[in-house]
Amino acid sequence: PLVVIPERPSRCPLPSPTLPMTTTPVALRAPSLLDRMIASALLLITREYPGVRHQQRLNQRSSTPSLPAPPVMPLETIELLGERIRIARQSRTGAPAVLLLCPLPQSILAFAPIWTALAERFDMVAVDLPGFGGSSGGVDWMTFEAQGRFLAALIADLGLNKPHIVAPDVGMAAAVAGGGPH
């Protein structure tokens, strides 16, 4: 069953070490028609998509994933800075920390095929930034500075020590704006 946490108004406060962070296990749900429509609309405006589809047709590849089932990622929802944030975390004591930030138009689930291999060597955390993937968040979060402040608060609250940040697409700007000393 999907755990639902009540919606809170979107706001973008500065990081505070006194704000609580709670963890709630979350199960994946099947994509709804609206989810599929939004994904299709985003693909239509993605510049690379026509070229990718062309190559898929030339190589006789389907647009459906080739994995029989996605690898298991330990997904959970935390509350941070007034937002519900979807993360995946798999700790490996003493290993270097790797923080994966969501790509657009996807979510941290894009990392599922490589998660297990990385988790064997690294202390892994993946996060859907506010307003992306499975995380709540509104227009107040849609600046690089706001995402950067969020990222700095997340790193501090999770106790990550100088994580290696993998930040494709929208995550890159957040990493540049907020990953400074990390």
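Residues numbered from 1 in each chain as written. Predicted model: local features only at pLDDT ≥ 70, side-chain atom pairs only at ≥ 80, totals over all residues. Heavy atoms only, no water.

1. Quick notes on helix H4 (residues 144-158)
Structurally, the α-helix is built with 3.6 residues per turn, so residues lying three or four positions apart point the same way. End to end, H4 covers 21 Å across 15 residues, agreeing with the expected 21 Å (1.5 Å per residue, within 8%). Of all the positions in H4, only Ala146, Gln147, Gly148, Phe150, Leu151, Ala153, Leu154, Ile155 and Leu158 are classed as buried. Looking at the packing, one finds that the buried side of H4 touches strand S2 (75-80), strand S3 (83-90), strand S4 (97-101), strand S5 (123-127), strand S6 (164-166) and helix H5 (170-178). Of the residues trailing H4, Gly159 is marked for its positive phi of about 70°. (Helix = DSSP H or I, 4+ residues; strand = E, 2+ residues; numbered from the N terminus. Expected span 1.5 Å × (residues − 1). Buried < 20%, exposed > 50% of the residue type's maximum accessible area, 1.4 Å probe, protein only. Contact = heavy atoms within 4.5 Å.)

2. What to know about the pairing of S3
With six bridges connecting them, S2 and S3 associate as antiparallel partners. Paired with Glu79 across the two strands is Arg84, which belongs to S3. Here S2 folds back onto S3 in antiparallel fashion, the turn holding two residues, of which Leu81 has a positive phi close to 55°. The pairing of S3 with S5 spans four bridges and is classified as antiparallel. What sits directly across from Arg89, in S5, is Val125. (Pairing = 2+ DSSP bridges.)

3. Some points on the environment of Ile108
Structurally, Ile108 can be placed in the loop between S4 and helix H3 (112-119). Relative accessible area serves as the criterion here: at 0%, Ile108 is assigned to the buried category. Ile108 sits 22 residues away from Arg86 along the chain, and the two C-alpha atoms are 8.5 Å apart.

4. Things to note about the pairing of S4
Consecutive residues of a regular strand have side chains that alternate between opposite faces of the sheet. Of all the five residues making up S4, five are buried; the element is thus mostly covered by neighbouring parts of the structure. The alternating pattern of S4 places Ala97, Leu99 and Leu101 on one face and Val98 and Leu100 on the opposite face, and all of these are buried. Taken together, the five bridges between S4 and S5 define a ladder with parallel strand orientation. Bridge pairing links Ala97 to Asp123 in S5. The β-α-β motif built from S4, the intervening H3 and the parallel element S5 has right-handed crossover chirality. (Right-handed = clockwise from strand over helix to strand, strands pointing away.)

Any functional reading would require information beyond the geometric quantities listed.
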